[in-house]
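Structural overview
Each chain, written out:
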There are 2 protein chains.
Amino acid sequence: MGPLGSYLPYLLNRAGARIATSFGEAVRPLGATLQIWRVLAALRERDGQRMGDLSATTSIDVSTLTRLVDGMEKKALVARRRDPEDARVVVLHVAPEGRRLTRRLLPIAERYEKVALQGFNAEETEQLKAALRRLYVNMDGLESPHKARG
Amino acid sequence: MGPLGSYLPYLLNRAGARIATSFGEAVRPLGATLQIWRVLAALRERDGQRMGDLSATTSIDVSTLTRLVDGMEKKALVARRRDPEDARVVVLHVAPEGRRLTRRLLPIAERYEKVALQGFNAEETEQLKAALRRLYVNMDGLESPHKARG
DNA sequence: TCGATATATTTGCAAATGCAAATATATCAC
DNA sequence: GTGATATATTTGCATTTGCAAATATATCGA
């Protein structure tokens, strides 16, 4: 077995952590964080998601999400609404302030995409993304049984 | 722009976080953590590294590393030694208990490598690893100026 | 040798995280 | 309808994290 730098988990986690940290720094001046961006991006895709759905699509733990949304509500980025169909459910809607912030975050996200993938052509990019999705799914086989995720 | 799941930072960070968490769970029964494994793997590659070097090769912040090493010393996995050449420097050496643990962790690491890369052939695997290294380096271009890393 | 500056590590502290327990509501069996 | 069980969210709490300040040692220049 080779050095640490040849292990996939290391390479993957290292790259993932770095891009996350770096992105976080980039959006801080706008009063945002990586997690806020994820929630906004998820809601942009489909507004009015419930906490549980958001947790799944953003990969943010529900308990963390609760507190994150607390903060986002205070900033008027989103609004919680009780689902009238099922009062256990809370659905989240983007507020005007949230849409405004999303518009400002999008170019940053695009820039990150571009810089991170510098030197990758379209095919390589798609291959990489496909590999990352595949890998994520492969990990199902290792997840502890009781808390498998979507 | 597409949904969250088409953004590279998201895909990357998600996969990286998942493999890290999962690996962490797998080694917990042995009293280890992902970070402990990283330090041991780094020392296995080269024993007697200084804190700063270890921080760089493992991507663990030095302050975190200090506390991590505190714990590892208590478990007799490693031993700190003051460098006689330069008393500012602390070098870390694996202890017998640490070697023993490393031997038990190696097969787990190999298994993770295998399962995560299920369905990837040798070429695809190398492509992915190369892409992750390249990506990591690309991020240099976005890092905030004052704290660039090796 | 003394002071100034540089480098290496540790400590202080506050924020983020995630598990488990608590709470709230729903649904099912009877 | 009532109690038991299931589902959704929040809260409690302990751990992890990383930045910034503090400490320790080294080196350089006068």
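To start, this report covers the structure provided alongside it.

1. A word on the overall build of chain A
Counting its secondary structure elements, chain A contains six helices and three strands. Helices and strands in chain A line up, N terminus first, as α-α-β-α-α-β-β-α-α. Taken along its principal axes, the extent of the C-alpha atoms in chain A is 55 × 40 × 25 Å. In chain A, which comprises 150 residues, the share counted as buried stands at 50%. Here chain A contributes 25 positive and 18 negative side-chain charges, whose respective centroids are spaced 5 Å apart.

2. Here we look at the protein's contact with DNA strand C
Taken together, 20 residues form the shell around DNA strand C, and within it S63, R67 and R88 of chain A together with G52 and T66 of chain B come nearest. Each atom of DNA strand C within 4 Å of the protein was assigned to sugar, phosphate or base; sugar and phosphate come to 66%. Within the contact set of DNA strand C, a sugar or linking oxygen lies 3.4 Å away from a side-chain nitrogen or oxygen of R88 of chain A. One of the backbone N or O atoms of V90 of chain B is found 3.0 Å from a phosphate oxygen in DNA strand C. When residues of the surface near DNA strand C are traced back to their parent elements, those giving at least two are α4 (62-74) of chain A together with α3 (51-58) and α4 (62-74) of chain B.

3. Some words on helix α6 (residues 122-138) of chain A
Between the first and last C-alpha of α6 of chain A there are 24 Å, a value that for 17 residues agrees with the 24 Å anticipated at 1.5 Å per step. When we look at burial in α6 of chain A, the residues that qualify are T125, L128, K129, A131, L132, L135, Y136 and N138 of chain A. Contact partners of the buried residues in α6 of chain A: α1 (8-27) and α5 (96-116) of chain A together with α1 (8-27), α5 (96-116) and α6 (122-138) of chain B. Sitting at the head of α6 of chain A, N121 of chain A places a side-chain oxygen 3.0 Å from the backbone nitrogen of E123 of chain A.

4. Observations concerning the protein's contact with DNA strand D
Taken together, 20 residues surround DNA strand D, and among them G52 and T66 of chain A together with S63, R67 and R88 of chain B come closest. Within the side chain of R80 of chain A, a nitrogen or oxygen atom sits 2.8 Å from a phosphate oxygen of DNA strand D. One of the side-chain nitrogen or oxygen atoms of S63 of chain B is found 2.8 Å away from a base nitrogen of DNA strand D. Those elements giving two or more residues to the surface near DNA strand D turn out to be α3 (51-58) and α4 of chain A together with α4 of chain B. Sort the elements by how many residues they give to the surface near DNA strand D and α4 of chain A lands first, with four residues. Grouping the constituent residues of the surface near DNA strand D by class yields five nonpolar, six polar and nine charged.

5. Focus: the pattern of salt bridges
Enumeration according to the criterion identifies 14 salt bridges over all chains in this entry. For R80 of chain A, the salt bridge identified is with D70 of chain A, shortest N-O distance 3.0 Å. Of this pair, R80 of chain A sits in strand β2 (residues 78-82) while D70 of chain A sits in helix α4; the two residues are ten residues apart in sequence, bridging distant segments of the chain. For R80 of chain A, a relative accessible area of 26% gives the class partly exposed. One salt bridge in this structure joins R134 of chain A and E124 of chain B, with 3.9 Å as the shortest N-O distance. Separated into two different chains, R134 of chain A in helix α6 and E124 of chain B in helix α6 make up a pair that spans both. Given the relative accessible area of 30%, E124 of chain B is considered partly exposed. Each of D70, E73 and R80 of chain A takes part in a single network of salt bridges with overlapping partners.

6. Details of empty space enclosed by the protein
The tally for this structure, following the rule as stated, stands at three cavities of 30 Å³ or more. Looking at the largest cavity, its volume works out to about 90 Å³. If you go around the largest cavity, the residues you meet are L4, Y7, P9, Y10 and N13 of chain A together with I19, A20, F23, L34, W37, R38 and A109 of chain B. Contributions of two or more residues to the lining of the largest cavity are made by α1 of chain A together with α1 and α2 (34-45) of chain B. The residue inventory of the lining of the largest cavity, partitioned by class, reads ten nonpolar, one polar and one charged. In this structure, the second largest cavity is lined by F23, L34, W37, R38 and A109 of chain A together with L4, Y7, P9 and Y10 of chain B. With three residues, helix α2 (residues 34-45) of chain A is the single largest residue contributor to the lining of the second largest cavity. Taken together, the residues of the lining of the second largest cavity sort by class into eight nonpolar, no polar and one charged.

Parameters and conventions
Residues numbered from 1 in each chain as written. Chains lettered and ligands numbered in written order. Predicted model: local features only at pLDDT ≥ 70, side-chain atom pairs only at ≥ 80, totals over all residues. Heavy atoms only, no water. Helix = DSSP H or I, 4+ residues; strand = E, 2+ residues; numbered from the N terminus. Buried < 20%, exposed > 50% of the residue type's maximum accessible area, 1.4 Å probe, protein only. Lys, Arg positive; Asp, Glu negative; His and termini not counted. Charge placed at Lys NZ, Arg CZ, Asp CG, Glu CD. Near = heavy atom within 4 Å. Polar contact = N/O pair within 3.5 Å; in protein donor to acceptor, adjacent residues only side chain to side chain. Expected span 1.5 Å × (residues − 1). Contact = heavy atoms within 4.5 Å. Nonpolar A, V, L, I, M, F, W, Y, C, P; charged D, E, K, R; others polar. Salt bridge = Lys/Arg side-chain N within 4 Å of Asp/Glu carboxyl O. 1 Å grid on protein atoms, 1.4 Å probe; cavity = no way out; pocket = protein on both sides within 12 Å on 5 of 7 lines; lining within 4 Å. Points joined across faces, edges and corners; volume = space filled by probe spheres on them.

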